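Descriptive structure summary
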Amino acid sequence: MGKFEIVKRKNGEFQYNLRAANSEIILTSEGYIAKASCKKGIESVKKNSSMIEQFESKKAKNGKFYFNLKAANGQIVGTSEMYESETARDNGIASVQKNAPDAKVVDLTFDK
């Protein structure tokens, strides 16, 4: 089963990483000033990851592939790593769909 890890960036912002069962990071958030906002982002991923239409498949200028997961309002709530192929990217989307809905949340920050 996957898990969300809440971490604190060097600039003081919070972000989450969704890790698959094999511990690979499959989705990363933007930076959030408040931890509560970061937690809301996680809830949005859990909700929207079951809907394939919320995933936006992209190709970077360097030729690699990635995807964004969007909330119902169109805001990006998570971005994948870069993949070498479209197939690998699509497998990443499937992994988010499989792991996100029931993933536990682990807070790795010292701020409560």
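Look above for the structure.
Residues numbered from 1 in each chain as written. Predicted model: local features only at pLDDT ≥ 70, side-chain atom pairs only at ≥ 80, totals over all residues. Heavy atoms only, no water.

Moving on, we come to the overall build of the protein chain. The number of helices and strands found in the protein chain is two helices and seven strands. A compact globule built from 112 residues would reach a C-alpha radius of gyration of about 13 Å, and the protein chain, at 13 Å, matches this within 12%. By principal-axis analysis of the C-alpha atoms, the protein chain measures approximately 40 × 30 × 30 Å. Looking at the protein chain residue by residue over its 112 residues, the buried ones come to 39%. Long-range contacts, defined here as pairs at least 24 residues apart, represent 45% of the contacts in the protein chain between residues at least 6 apart. Positive and negative side-chain charges in the protein chain, numbering 19 and 14 respectively, have mean positions lying 4 Å apart. (Helix = DSSP H or I, 4+ residues; strand = E, 2+ residues; numbered from the N terminus. Rg over C-alpha atoms; globule rule 2.2 N^0.38 Å. Buried < 20%, exposed > 50% of the residue type's maximum accessible area, 1.4 Å probe, protein only. Contact = heavy atoms within 4.5 Å. Lys, Arg positive; Asp, Glu negative; His and termini not counted. Charge placed at Lys NZ, Arg CZ, Asp CG, Glu CD.)

This next bit is on the nonpolar core. Counting residues in hydrophobic clusters, the biggest one holds 23 residues, and the most contacted among them are Phe4, Tyr16, Leu18, Leu27, Val45, Phe67 and Val96. When contributions to this core are tallied by element, the ones reaching two or more residues are strand E1 (3-8), strand E2 (14-19), strand E3 (25-28), helix H1 (35-48), strand E5 (65-70) and helix H2 (86-99). Ignoring any residue separated from it by four or fewer positions in sequence, one finds Val45 in contact with Phe4, Tyr16, Leu27, Leu69, Val77 and Ala100. (Core = buried A, V, L, I, M, F, W, Y, C linked by side-chain atoms within 4.5 Å.)

Right, let's get into the packing of aromatic side chains. Counted according to the given criterion, the structure contains three aromatic pairs. An aromatic cluster is built from Phe55, Phe67 and Tyr83, whose rings are joined through pairwise contacts. (Phe/Tyr/Trp six-rings, centres within 6.5 Å; stacked < 30°, edge-to-face > 60°.)

Another aspect to go through is H2. With 14 residues, H2 should reach 20 Å at 1.5 Å per residue; the first-to-last C-alpha distance of 20 Å fits that figure. By the burial criterion, the buried members of H2 are Arg89, Gly92, Ile93, Ser95, Val96 and Asn99. One face of H2 carries all of its buried residues, which in axial projection span an arc of 160 degrees. Structural note: H2 exposes Thr87 and Lys98 on the side pointing more than 90 degrees away from its buried face. Along its buried surface, H2 packs onto E2, E3, strand E4 (55-59) and E5. (Expected span 1.5 Å × (residues − 1). Arc of directions from axis to C-beta.)

The next subject is the side chain of Asn48. Its place among the elements puts Asn48 in helix H1. Given the relative accessible area of 3%, Asn48 is considered buried.

So, about the pattern of salt bridges. With the rule as written, the count across this model stands at eight salt bridges. Its salt-bridge partner being Arg9, residue Glu13 comes within 3.3 Å of it at the nearest N-O pair. A relative accessible area of 22% means that Glu13 is categorised as partly exposed. Arg9 sits in the partly exposed class, given a relative accessible area of 30%. (Salt bridge = Lys/Arg side-chain N within 4 Å of Asp/Glu carboxyl O.)

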